Amino acid sequence: MNIHKYHKFATSGILSPSFEVSISQSEAKQTEIAFQFLLEKVNANDKSYLLEQISKFEHHTIKYFCIIFNFFQNKANFHIFEDILALENSLSIRLLIPTPGLDPSTEVLLYQKISSFLMKKDTRSFEAINKLITKLYQLYKSPSNIGHMLKASQELKIPFWRASAGMIRFGNGKNTFWTQSTFTCNTPITSAKIARDKLLCSSVLERAGLPVAPKIPLQNDASIDAFINRYGFPLVVKPRSFDGGKLVYADIKTKAELYSHIKKIQRTTNAILLEKHIEGQDVRCQVINGKVVWSVLREPAYVIGDGTSTLGELIDNKYLQQKDKNRISHIRSLPDKQDIINHLQKHNLNLDSILTNNKKMKIISIANVSLGGSVRAINDIIHPDNKKLAEDTVELLGLDIAGVDILLKDPGRSWKEIGGVVCEINACPQFGIDSHKHLYSEYLNTCVPNNGEIPIFLVLGNEDTLSRMKRVQQKLDIELGLNVPLCSSLELSECDLATQLHQKLSNRRTDFILIHSDSTSYLNDTWGVARFDYILVDDIECSYDYNFQLIEDNNLTNKIINSSSNKVECSSFIFDEIKRLNFNVR
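Here the structure is a predicted model, which means the values were calculated and not measured. (Residues numbered from 1 in each chain as written. Predicted model: local features only at pLDDT ≥ 70, side-chain atom pairs only at ≥ 80, totals over all residues. Heavy atoms only, no water.)

Draft legend 1. Quick look at the pattern of salt bridges. For the structure shown, the criterion picks out 22 salt bridges. With its nearest N and O atoms 2.7 Å apart, the salt bridge here joins K255 to D225. One end of the pair, K255, is in helix 10 (residues 255-266); the other, D225, is in helix 9 (residues 221-231), and 30 residues separate them in sequence. Under the relative-accessibility criterion, D225 is labelled partly exposed at 27%. (Salt bridge = Lys/Arg side-chain N within 4 Å of Asp/Glu carboxyl O. Helix = DSSP H or I, 4+ residues; strand = E, 2+ residues; numbered from the N terminus. Buried < 20%, exposed > 50% of the residue type's maximum accessible area, 1.4 Å probe, protein only.)

Draft legend 2. Inspection of a negative patch on the surface at higher detail. A surface patch of like charges, here negative, comprises D306, E313, D316 and D352. Position of D306 among the secondary structure elements: in the loop between strand 15 (302-304) and helix 11 (311-325). The partly exposed category is assigned to D306, whose relative accessible area is 33%. (Patch = residues over 30% accessible without salt bridge, like charges linked within 9 Å, V, L, I, M, F, W, Y side chains within 5 Å. Areas by Shrake-Rupley, 256 points an atom, 1.4 Å probe, with all protein chains shown as cover. Lys, Arg positive; Asp, Glu negative; His and termini not counted. Charge placed at Lys NZ, Arg CZ, Asp CG, Glu CD.)

Draft legend 3. Seen up close, the sheet that holds strand 20 (residues 456-461). A sheet is described by the order of its strands in space; here 5 strands give the open sequence 21-22-20-23-24, paired in parallel fashion. Of all the strands in the sheet, the pair left with one neighbour each is strand 21 (486-488) and strand 24 (560-562). Averaged over all adjacent pairs, the angle separating strand axes in this sheet is 20°, with direction ignored. Here strand 20 runs beside strand 22 (residues 513-517); their pairing, made up of 5 bridges, is parallel. The residue of strand 22 that forms the bridge with I456 is I513. Contacts from helix 16 (residues 463-480) reach strand 20, strand 21, strand 22 and strand 23 (534-538), with the element oriented near 165° to strand 21. Seen against the sheet, helix 17 (residues 494-506) touches strand 20, strand 21 and strand 22 and runs at an angle of roughly 170° to strand 21. (Pairing = 2+ DSSP bridges. Axes fitted to C-alpha atoms, helices over the stretch in contact; angles between N-to-C directions. Contact = heavy atoms within 4.5 Å.)

Draft legend 4. Examining unusual backbone geometry more closely. Cis peptide bonds are those with omega within 30 degrees of zero, and the linkage from F233 to P234 qualifies with 0°. We note that H79 has phi near 55°; this positive angle belongs to a residue other than glycine. Its identity is not glycine, yet N451 carries a phi of approximately 60°, on the positive side. Tracing the chain through its elements places N451 in the loop between helix 15 (439-447) and strand 20.

Draft legend 5. Focus on the packing of aromatic side chains. Enumeration according to the criterion identifies 19 aromatic pairs in this entry. Centre to centre, the rings of Y49 and F71 are 6.3 Å apart; their planes meet at 35°, and the pair counts as tilted. Of the two residues, Y49 is situated in helix 2 (residues 44-54) and F71 in helix 3 (residues 60-75); the sequence distance between them amounts to 22 residues. Overall, Y49 belongs to the partly exposed group, its relative accessible area being 27%. Within the aromatic cluster, the residues linked to one another by ring pairs are Y6, F19, F65, F69, F78, Y111 and Y140. Of note, K360 hangs over the ring of Y302, and the distance from its end group to the ring centre comes to 4.3 Å. The aromatic ring of F575 is capped on one face by K475, whose charged end is 4.3 Å from the ring centroid. (Phe/Tyr/Trp six-rings, centres within 6.5 Å; stacked < 30°, edge-to-face > 60°. Lys NZ or Arg CZ within 6 Å of the ring centre and 35° of its normal.)

See below:
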């Protein structure tokens, strides 16, 4: 396998950066042998995954090649969800392999090692891949939201560019949308700071008349005693500004237990809150742009007895093995072992206790998914008043996206009737749990205008054509006030053309893009865009050899307009079409 070049921008139908490689037909056929060898080396879960992938690839010649590359990309935490693009002839296959493009030199090293494995099919080359993947997995580690967002964007064909492992620009030009996990370019930093500070946030909500649990900052023994005398037990103690359920202790029923938990938290932070424990079910409402789009009931981590296994064995089997199977699991960490023991002791149990068959037992009191908790969708039963409470909370803080945690005795009844409190607000919520992965598509559809696209016109023609395009550009500016950059291969080298295009696509003032070229040969290379909305031919005398088969093979556009056969004047068509499109958008 020969690696010819690296495309750092979108190209030829691929949204991601890509490496261009070529393999012979005979090499492609040999990859099936490598695939069978790989099946012998991986664990049972990976083997099941690989076998499942075979049925998804119709292209026989390169399907094993694609499966092997995708497998190792996933192991390296690359979050690539686009298919490898293949163009075949009788002797060889030209391939574009999508890649993150964050560290091209390291990424190409992985692909070289995979290539070596495909040729040698031995244990040494397999182990060399795994050694590098261990390094890459940490290098490309990002919040669980990122992988799901990238998958959704590629399914929706939304243009994107990864500035770092966790920072992504979705869309182009005026339809650009920046996001880091669910913390976006539209998220007010002040609002996010209020949400993160649990005491400040509670004070803001309470002052606005929204229900919250009584709480105080931890100061001294006297303040603790005064709080206990007023509200009694049970209590909650937690850090003032941590998330993910970290170091949160609920349902505390004695002073000794309270001080024990305080000491644990003080090893990490002295900013601690003491709060009245409110009985109720833990409801998470996901709010996007002012509306609750999904609601779930969250339950603490639990196990179910089988009549023979100890609680310790049940916990290991359900959670530790589950996390080992899925390296991108939403489970960040299990609760501290001593916390589990303390919780079980409240119920006169320990890790050696054996639960009766089908008996359900919570192992902690905190219903946080990142600590092994589970969720159940309740969109059909949650009361409108409870959804309105979540929406009012987010509106008060001015957040664009948030996860609102509410404690309710019954989510199907109004909090105004049975009581309830807003527990916390997460200004950067994780969507990535089984019950609502579809939210990523809804999130991008809601937040990225017009699917992130701006119309891009490619005009094929000579120097006279370029002169007319410049006049059109000026007319669009003067008469319509539009920012329409013009890039031409006659004035820029291939590399400079791609770079300038990327700069214009990154500019949030860019309304449309005009590209001029006197040749289709550039279409084999990096343009900075995956497809064109229009390809216009302004060469009546056909003095240039335009490869329209190349355009068709790469699915580069749905609209090819020839000034001669279509009897249109390109500059007039472009002005009228941009005017029409701009009017429709407005």
